[in-house]
Amino acid sequence: MDPAVFCNIVITTFIREAFRFGVFHADLHPANLLILPDNVVGYVDFGIVAKLTQEARHKQIELTLAYSAGDPDAIYRQFLNICTLTPEADLEGMRRRIAQMARTWYVEPAVHGKARFRVSVTITMMDLLPAARNYGALVDGEMVKYIRSTVLVDGVVSRLSPGLDLAQALRNVVEEYLFEQSRKKVASSGGLISMLTEMAIWMKTGPSSMVRALELFERRQMNLRTFARPDPDPDRPLRVRIFAGAAVWALTVVYLSLGGASASMRDSSFWAIIVRVFVTLWTVWLLLLLRRLTLAK
């Protein structure tokens, strides 16, 4: 039995179950786990099984990434996203309190831009949940079992493999999941429409997910597997540009049709002019690319 391998498998299966299927074992204390040959994880006692809606999965993915990145502002925004606010909510006070607590959660400075937990995830949750409640933010019911399971998984890791970098493990699993989901959507029939619609919904709830993806790409933390082969189609680069341009154009249209941007921006004449100019210029550019492709034939 290799403790680090076993714990990584526990973390991986728990998060993949929750995010891929929306159904997970919600009582992962040590008595409900079996260590089988070759570090295979065995589950027993399915008395508590929890579900996550698609929206809840998106929210938990963002919160998990914020935790693993060690970004106090992102933790505040994403944790707030899984809460219901009371009339007495003090959001600015909550933001300052989370920033203060986060300084005790991570090793400083970060190594190569990657955060590393100084304390267990359990301690961060035990700090965060009462603080949020004190400032008038109550965690949504469907999230409670997920958080409880996260604490139980953290307990298993702390006992069996205390040296495991949990932040890195969480980051790896979530990013692999996002990459796998994106690949499936692009490869499937109707995948482009599905992907654009889902991206528009994510933008509707907040642009942090897209910013996160761009950040990962910029920091070279998103691995793209490619291979080279002779390309019999000389127009392929042009087709790729047209496809990418059409994707941005469609995403913009879907985003605006869903009522994107804040109310103040939507009511601004300047914002309306900028949007019209952007959509018009982008449409003209796409038409020119299509004309080039037609002439090339």
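Predicted model only: the values in this text are computed from it and were never measured.

Undergrad: Just checking my understanding: could you explain the confidence of the model for the protein for this structure?
TA: Caution applies to low-pLDDT regions: their predicted coordinates should not be interpreted in detail. For the protein, per-residue confidence averages 75 on the pLDDT scale, and residues scoring 70 or more make up 72% of the total. The low-confidence segment residues 203-211 (pLDDT under 50) makes 13 contacts with residues lying over four places distant or belonging to another chain. Across residues 213-222 the pLDDT falls below 50, and counting only partners more than four positions away or on other chains, this stretch makes 11 contacts in the model.

Undergrad: How do you make sense of the pattern of salt bridges when you look at a structure like this?
TA: Two side chains bearing opposite charge may form a pair once their charged atoms approach each other closely. Across all of its chains, the model carries five salt bridges by this definition. Of the charged contacts in the structure, one is a salt bridge between Glu55 and Lys59, with a shortest N-O distance of 3.4 Å. Of this pair, Glu55 and Lys59 both sit in helix α2 (residues 54-69), four residues apart, which is roughly one turn of that helix. Classification of Glu55 as partly exposed rests on a relative accessible area of 49%. The salt bridge partner of Arg95 is Glu92, with a shortest N-O separation of 2.5 Å. Note that Arg95 and Glu92 are positioned in helix α4 (residues 91-102) at a spacing of three residues, about one turn of the helix. Take Glu92: its relative accessible area is 39%, and that puts it in the partly exposed class. Among the charged side chains, a network of salt bridges with common partners joins Asp73, Glu92, Arg95 and Arg96.

Undergrad: So what exactly am I meant to see when it comes to the environment of Asp71 here?
TA: Within the fold, Asp71 resides in the loop between α2 and α3 (72-80). Using a relative accessible area of 33% as the deciding quantity, one classes Asp71 as partly exposed. A C-alpha to C-alpha distance of 9.9 Å links Asp71 and Tyr106, two positions 35 residues apart in sequence.

Undergrad: Any chance you could explain a nonpolar patch on the surface here in plain terms?
TA: On the surface, a cluster of nonpolar side chains totalling about 380 Å² of accessible area is made up of Phe21, Val23, Phe46 and Val49. Looking at the element boundaries, Phe46 is found in the loop between β3 (40-43) and β4 (49-51).

Undergrad: What am I meant to see in unusual backbone geometry here?
TA: Glycine aside, residues mostly have negative phi, and peptide bonds are mostly found in the trans state. The backbone of Asn39 shows a phi angle near 65 degrees, a positive value even though the residue is not glycine. Taking the relative accessible area as the measure of exposure, Asn39 reaches 13% and is therefore buried. Located in the positive-phi region is Asp45, a residue other than glycine, with phi close to 65 degrees. Relative to the elements of secondary structure, Asp45 occurs in the loop between β3 and β4. Given the relative accessible area of 43%, Asp45 is considered partly exposed.

Undergrad: Could you clarify how one ought to interpret the side chain of Arg57 in this entry?
TA: Considering the arrangement of structural elements, one finds Arg57 in helix α2. Here Arg57 falls in the buried class, since its relative accessible area comes to 12%. In this structure the side chain of Arg57 is engaged in a polar contact, spanning 3.3 Å, whose partner is the backbone oxygen of Arg20. Those residues in contact with Arg57 that lie beyond four places of it in its chain are Ala18, Phe19, Arg20, Phe21, Gly22 and Leu52.

Thresholds, definitions, all that
Residue numbers run consecutively from 1 along every chain, following the written order of its sequence. This being a predicted model, a pLDDT of at least 70 is required before a residue's local features are given, and a value of 80 or more before pairs of side-chain atoms are given or counted; all residues contribute to the totals for chains, interfaces and linings. Side-chain measures here rest on the full set of heavy atoms in the structure, leaving out hydrogens and waters. pLDDT expresses how confident the predictor is about each individual residue, on a scale running from 0 to 100. Note on contacts: a residue pair is in contact if any heavy atoms of the two residues lie within 4.5 Å. We define a salt bridge as a contact between a side-chain nitrogen of Lys or Arg and a carboxyl oxygen of Asp or Glu at a distance within 4 Å. To qualify as a helix, a DSSP run of H or I must reach at least 4 residues; to qualify as a strand, a run of E must reach at least 2; elements of each kind are numbered from the N terminus. The buried label applies to any residue whose accessible area, calculated with a 1.4 Å probe on protein chains only, is under 20% of its type's maximum; exposed applies above 50%, and partly exposed to all values in between. Patch definition: residues with relative accessible area over 30% and no salt bridge; like charges joined within 9 Å; nonpolar side chains (Val, Leu, Ile, Met, Phe, Trp, Tyr) joined within 5 Å. For the area figures, the Shrake-Rupley method with a 1.4 Å probe applies, and any residue is considered shielded solely by the protein chains shown. Residues adjacent in sequence count toward polar contacts only when both atoms are side-chain atoms; beyond that, a polar contact is any pair of N or O atoms within 3.5 Å, and within protein one must be able to donate a hydrogen and the other to accept it.

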